[in-house]
Amino acid sequence: VVKEVPVGMPSEAELIAIVERGEQAVATFSHVTRQDETLGLAFVLEGGAYVVTNGSLLRGGEDKDNGPYVMTLPNGTKLTSKVAVISPDQRIAILNVTKTEPAPAAAKNILSDLLSSPAPAVVGLRLSASDLTLGQTLIAVGSTSGAESPVTVGLVSSLVRDEGNATSTVAVKTNAATSDNLGAPLLNARGELSGMTFESGSAVPARLIRSLIDSLK
């Protein structure tokens with residue numbers, strides 16, 4: 001496993017750029033609980049082919065409903081997706097994007113049409129190829145609480161290792177506030193995806209997300 005080399009806390013300008021891009025990749029979708037219907041969080045991976053969320057947010061309890069699920073990005077673009085695979089512990093769900101529907105305003109933006117490189121309708125996050133290290137900066141992006149710009153910054157406070165492989169990280173503990181953003185991305189100081197929250201203060205590392213995607217190939 002290649003360990004990630006800490007690059008320190010990003011500058012204010014770098015942090016703003018990371019957050020802006022991260023927010024564009026975070027989507028919300030309808031999540032039905034036993035009591036009512038609430039919003040769940042998901043995020044798009046680079047290339048726009050996959051959406052990732054927490055398996056517990058999907059409909060159907062243990063017998064998951066494969067969808068379709070309609071994810072809405074901050075710019076109003078809607079992604080229709082279906083479940084491709086869920087990890088055995090249900091912490092990770094990978095969904096295939098089957099349809100992308102740009103927001104009406106974006107589709108009719110005359111100014112964007114005149115530009116040679118209009119902004120893409122879908123922004124995706126790049127998976128980090130490295131394992132996490134203690135003390136590394138983590139940026140949590142996304143919330144369903146109604147906060148307009150839900151962002152918290154913290155550190156990797158501990159690493160939970162695989163019982164059968166002491167060098168393999170299966171969960172990450174962080175002091176970045178993550179109480180209401182289940183299924184949200186954790187970004188590193190380069191703006192890459194380092195993990196996804198599955199409960200308050202805990203996340204799965206990007207390595208496990210990559211492994212699950214590789215199982216589809």
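What you see is a predicted model, and the numbers here were worked out from it, not measured in a lab.

K.L.:
Please set out helix H4 (residues 206-214) residue by residue, giving values where relevant.
P.N.:
Because each turn of an α-helix spans 3.6 residues, side chains separated by three or four positions end up pointing in the same direction. For H4, the set of buried residues is Ala 206, Ile 209, Leu 212 and Ile 213. Burial along H4 is one-sided: seen end-on, the buried residues are contained in an arc of 120 degrees.

K.L.:
An account of the side chain of Glu 192 is needed here, citing residue identities and associated values.
P.N.:
With respect to the helices and strands, Glu 192 occurs in the loop between strand E10 (185-187) and strand E11 (193-199). No salt bridge is formed by the buried Glu 192. Its closest oppositely charged neighbour is Arg 190, at 4.4 Å. What Glu 192 contacts, discounting residues up to four positions off in sequence, is Arg 126, Ser 128, Leu 186 and Leu 187.

K.L.:
Before we move on, could you go through the pairing of strand E12 (residues 202-205) and cite the residues and values that matter?
P.N.:
Direction of pairing for E11 relative to E12: antiparallel, over a ladder of 4 bridges. Residue pairing for E12: Met 196 is matched across the bridge by Val 204. What sits between the antiparallel neighbours E11 and E12 is a turn of 2 residues, in which Gly 201 has the positive phi angle 80 degrees.

K.L.:
I'd like a rundown of the pairing of strand E6 (residues 93-101), residues and numbers included.
P.N.:
In this sheet, E6 lies alongside strand E3 (residues 50-53) in antiparallel orientation, the contact comprising 4 bridges. Looking across to E6, one finds that Val 51 is bridged to Leu 95. Pairing of strand E5 (residues 78-86) with E6, which is carried by 8 bridges, proceeds in the antiparallel orientation. By the bridge assignment, Thr 80 is partnered in E6 with Lys 99. Here E5 folds back onto E6, and the loop between the two strands holds 6 residues, one of which, Gln 90, carries a positive phi near 65 degrees.

K.L.:
An account of the environment of Asp 89 is needed here, citing residue identities and associated values.
P.N.:
Looking at the secondary structure, you find Asp 89 in the loop between E5 and E6. Relative accessible area serves as the criterion here: at 45%, Asp 89 is assigned to the partly exposed category. In sequence terms Asp 89 and Ser 56 are 33 residues apart; their C-alpha atoms lie 9.3 Å from each other. Polar side-chain contacts of Asp 89 include one of 2.6 Å to the side chain of Ser 87. Of the polar contacts made by the side chain of Asp 89, one reaches the backbone nitrogen of Arg 91; its length is 3.0 Å.

K.L.:
An account of helix H1 (residues 12-25) is needed here, citing residue identities and associated values.
P.N.:
Compared with an ideal rise of 1.5 Å per residue, which puts 14 residues at 20 Å, H1 spans 20 Å between its outermost C-alpha atoms and is within 8% of the ideal. Among the residues making up H1, those that are buried are Ile 18, Val 19, Gly 22 and Ala 25. Along the axis of H1, the buried positions cluster into a sector of 120 degrees, meaning they face one direction only. Facing away from the buried side of H1 by more than 90 degrees, the exposed set consists of Glu 12 and Ala 13.

What counts, and where the lines are drawn
- Residues numbered from 1 in each chain as written.
- Predicted model: local features only at pLDDT ≥ 70, side-chain atom pairs only at ≥ 80, totals over all residues.
- Heavy atoms only, no water.
- Buried < 20%, exposed > 50% of the residue type's maximum accessible area, 1.4 Å probe, protein only.
- Helix = DSSP H or I, 4+ residues; strand = E, 2+ residues; numbered from the N terminus.
- Arc of directions from axis to C-beta.
- Lys, Arg positive; Asp, Glu negative; His and termini not counted.
- Salt bridge = Lys/Arg side-chain N within 4 Å of Asp/Glu carboxyl O.
- Contact = heavy atoms within 4.5 Å.
- Pairing = 2+ DSSP bridges.
- Polar contact = N/O pair within 3.5 Å; in protein donor to acceptor, adjacent residues only side chain to side chain.
- Expected span 1.5 Å × (residues − 1).

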